[in-house]
Amino acid sequence: MSEHRRRSPNAGGEPSGRRGDGRQPDGRPHAYGAPAEGAPSYGPPAPDELRADGLRRARAAAPRETAQQPRLTRAEMRKQGQKGGRRGAPAGGGGRGSAGGPPGKKRFIDYPRHGRDGFRRWLPSWKQLLTLFLVFFGGGVAVVGAAFAVTEVPDPNKVFDEQNNIYYWADNSEMTRKGTTNRQIVQLGDISRAAQDATIAAENETFRTDSGIDPKGIARAVYKMATGGETQGGSTITQQYVKNYYLSQDQTLTRKAKEMIITLKIAGEKDEVLKGYLNTSWYGRSSTGIQAAAQAYYGVDAKDLDACKGAMLAGLLKGAGLYDPSLNPENKKRMQERWEYVLTRMVAAGFISQADRTACGATFPTPIDPKPAANMTGEISYLVDTANKYLMAKDPTINQASLQRGGYKIYTTFDKAKVDALKKSVEGFEADNLNPEKRDEDKFVQMGAASIVPNDGAIVALYGGSGIENGHYTNNADAAGIPVGSTFKPFVLAAAMQMGVQTTMDEDGKPTRISTDSRYEADNLSEIFKSDGSPVIGDNGQPYKQRNDSTSKPGYVTLKEAMRNSYNVPFVQLNQDVGGKNVEALVKQMGLRKESLAPSSTITFPLGTSTPSAIRMASAYSVFAASGQQADPYSVTKVLKDGVEMPNFTKPAVKKVLDAAVANDVTDVLENVAKAGTGKKTNELGFPVAGKTGTTDAGTSAWWVGYTTSLSTAVGMWREEPGKPGLLSLDGTAGKKEIHGGDFPTDVFTRYMKIIGPGKPKSFPEPGDSGVKLDSSGAPSTASPSPSASASPSASDSASPSASPTATGPSPGSSPSPTATDSCLILCPPTRTPTRPGKPSPTATDTSSPQAGQ
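Calculation criteria
Counting restarts for each chain, with residues numbered from 1 along the sequence as it is written. A pLDDT threshold of at least 70 governs which residues receive local features in this predicted model, and a stricter bar of 80 or more applies before side-chain atom pairs are shown or counted, although totals over entire chains, interfaces and linings include all residues. With hydrogens and water set aside, each side-chain value is computed from the structure's full complement of heavy atoms. Each reported salt bridge corresponds to a side-chain nitrogen of Lys or Arg within 4 Å of a carboxyl oxygen of Asp or Glu. We count a stretch as a helix when DSSP gives it H or I for four or more residues in a row; a strand needs E for two or more, and each element gets its number in order from the N terminus. Using a 1.4 Å probe on the protein chains alone, a residue whose accessible area is under 20% of its type maximum counts as buried, one over 50% counts as exposed, and one in between counts as partly exposed. Disulfide assignment relies on a single distance test, namely cysteine sulfur atoms paired within 2.5 Å. Interaxial angle, 0 to 180 degrees, is taken between N-to-C directions of lines fitted to C-alpha atoms, where a helix line uses only the stretch in contact. Rotating anticlockwise by less than a right angle from the far helix to the near helix defines a left-handed crossing, while the corresponding clockwise rotation defines a right-handed one. When checking whether two residues touch, look at their non-hydrogen atoms; a contact exists if any pair is within 4.5 Å. When residues are grouped by polarity, Ala, Val, Leu, Ile, Met, Phe, Trp, Tyr, Cys and Pro land in nonpolar, Asp, Glu, Lys and Arg in charged, and all others, Gly among them, in polar. By definition, two strands form a pair when at least two bridges between them are found by DSSP.

Q: Can you help me understand the pattern of salt bridges in this one?
A: Working definition: two side chains of opposite charge can pair if their charged atoms are close together. With the rule as written, the count across this model stands at 32 salt bridges. Residue Lys270 pairs with Asp210 through a salt bridge whose shortest N-O separation is 3.1 Å. Here Lys270 is found in helix α8 (residues 270-280), whereas its partner Asp210 is found in the loop between α4 (193-203) and α5 (215-227), with 60 residues between them in sequence. For the pair Lys270 and Asp210, one class covers both residues: buried. Put simply, Asp385 and Lys389 hold a salt bridge, and the shortest N to O gap is 3.6 Å. In this pair, Asp385 and Lys389 both sit in helix α14 (residues 380-394), 4 residues apart, roughly one turn of the helix. On the basis of relative accessibility, which here comes to 28%, the residue Asp385 falls in the partly exposed class. The class of Lys389 is partly exposed, set by a relative accessible area of 41%. One network of salt bridges, in which partners are shared, links Lys581, Glu584, Lys588 and Lys594.

Q: Mind showing me how you'd approach the state of the cysteines here?
A: In protein structure, a disulfide is the covalent linkage between the sulfur atoms of two cysteines. Scanning the model with the defined rule gives 1 disulfide in all. Put simply, Cys308 and Cys360 are joined by a disulfide, and their sulfur atoms are 1.8 Å apart. Across the disulfide from Cys308 to Cys360, rotation about the S-S bond amounts to roughly -95°, and the bridge is consequently left-handed. Remark: Cys360 occurs in helix α13 (residues 354-361) and Cys308 occurs in helix α10 (residues 307-316); sequence separation between them is 52 residues. Classification of Cys308 as buried rests on a relative accessible area of 16%.

Q: Looking at this structure, how should I read the packing of α10 against helix α12 (residues 329-348)?
A: A pair of packed helices is characterised by two quantities: the angle between their axes and the separation of those axes. With their axes 9 Å apart at the nearest point, α10 and α12 run at an angle of 115° to one another. The two elements α10 and α12 cross, and the hand of that crossing is right-handed. Facing α10, whose interface residues are Ala307, Cys308, Ala311, Met312, Ala314, Gly315 and Leu316, α12 presents Met335, Arg338, Trp339, Val342, Leu343 and Met346. Across the contact of α10 with α12, the residue classes break down as 11 nonpolar, 1 polar and 1 charged.

Q: Would you explain the sheet that holds strand β16 (residues 636-641) in this entry?
A: Note on sheets: strands pair through backbone hydrogen bonds, and any given pair is parallel or antiparallel. An order of β2-β1-β6-β16-β17 is seen for the 5 strands of this open sheet, with the pairing classed as mixed. If you trace the sheet from one side to the other, it starts and ends with β2 (174-178) and β17 (644-645), each paired once. For strand β6 (residues 408-412) and β16, the ladder comprises 5 bridges, and the chain directions are antiparallel. If you follow Tyr408 over to β16, its bridge partner there is Lys641.

Shown next as structure tokens:
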């Protein structure tokens, strides 16, 4: 047998991965050298090139992985596979992208990262992160630099070019112009160092050392606001100066960016910034700048202000309208607290010593009386005050500073003829009845009034006081803290008619909506029960008994009669049956503000312990006049700023809060009050009016709220000594032993309506047919006459098809009356099981509250 060389199927004829010289295919020596001569051969014999089946060219094959050759890593294998797969080369085919071919084209941005799997593909490398940071940082620096270069600091004297604000009557005729003429620019050397330091301590302690922007101050302000502490505000003096006097009040990113840039540009000019801030800040009393403020509040120049007075003026910077101590007692209390805070901060900052602080703290530096502007006398100042409050409430870009800078044309709802008529009516009453020189009880008498158009909400007239020229600065038409007394009772009645009483459920399982013919007990010192029949417990731990304004015992009377005579007992019980929370919900829908309401859980809530303003009471009663339609009160119809009309001043939407039948039935009840009840003084008018009187505990206030179809007016009266919080009794005023709402407030309303007339239409809508006649538990059968002079319809009448259904019940604890049961027949609505004890008998023990009477 001839010897033939055995050849490997690999190129070169060697076994896979080896060469005959003991080297690997790439020429490197193999770790184990050449195989020993004569070593056994493994595997099938290699094909012979000289065999009869012909010659063939051996192709080169990729090295076979063996134990002698290192394995490729998974990443390398995947890389080879991906290159081959993308180019379509067969495995081992030597095409482009194969293991033996050239590498693929490298991407400019290797993201997602090549050669990574899973989430690692999406993790940028440190080189990528560094590149990204440098790009954005460099771009940001370039943008900021460009903005810094092109943003110019305006000339403050040109920017702070104040204009007048012009106010117009409802007929578009000019009412008044208000502008700052009391402004004097002074140099920093003409402002005492104590006044400068007080301002810095109050607004920005680090002003002299900071860069104009204080991140710590912003964080500190946020923290103190969150924890309820005193704060200096998040802005530095420089920022406030730039924001208020270089730029507009727009809340935009562009304005904020300009504010920051201008702040940084001028921050190094500390003396100029402080001088500009003190010369352009608003201090109230028509005073812009500290020189004008020093004259307005203390009659001295700014260079003569000491630390005590300087601290008071610095306190005004937080809001002169809230801190001017001459405006009202609440302001004075706030200012005293703010003043003490500023002095404390001055000590902490090293501006004054503790001894100086102690010397100041002995006596608050009370300012001198303000001097009114000639064009703001009479009712004008109160009208402007009302309009300004509405402006700031409707548009957040309008504040005291922007109003001070001016440029606004403000068109109001105020009707000059009605304003003059209301003022004339109050002054006529005072001239005919009050004599402060002879009677001490006639001193400090105050009145506030407002008129609103039903189904619209426009405030057309108000009486805010005798005028700032007479030392009266508070707007009485918008005054808080004056209890409204029995004028609150119609709201309780409306809630019972609209929402129902919880003592009885209708066929749908809802509280039964009752009518004004429903009867409730009205005896003085009657016991009051909860809706579940259990007695209400008073503060003394005993069952609560409510008093009326008189000691009469009229028995069970209709709610219409109870309103006419202003009995307390029926409405306190009705409030329990309806639920105080339901009454509260309704009056808020009718326009009363939550902050003016007494807690609805109190027993006397329905007797008018709440303190809405005259504006809000007139607005709420306008819902009755408008057959259940409510519109929020407003005083401005249009605003132009620098000739451009501003948004946000469209007329408030009208919405339904009461069924028309309910509102018209309440009007019928209140028309009866005006004709034959506590408001009968209005009979002098000769045309229909409706309304309700109100008198509070101890006679501290008296009210009349009345309306025609076209106008709702509230008139309040009280006594309060200026500078001394707390209402004084009206008893003895004008020589009368007691003052009720049916006296002087109704007299003012009557005088007023005689001047302006009834309006159109003249008559009220016909009363509706709302609710069912549902008597209070314990009411006797109407077959037996009520002790009241005007008894409600008999039980037999209510059983007729044309009469309203009635539900009467026996006295709890007694057997049902056959007469009452027979008279009810099948028309009776479902009633609760009586759980109250027998009808209470008045005793000498008085656990009641007198609260409101007429």
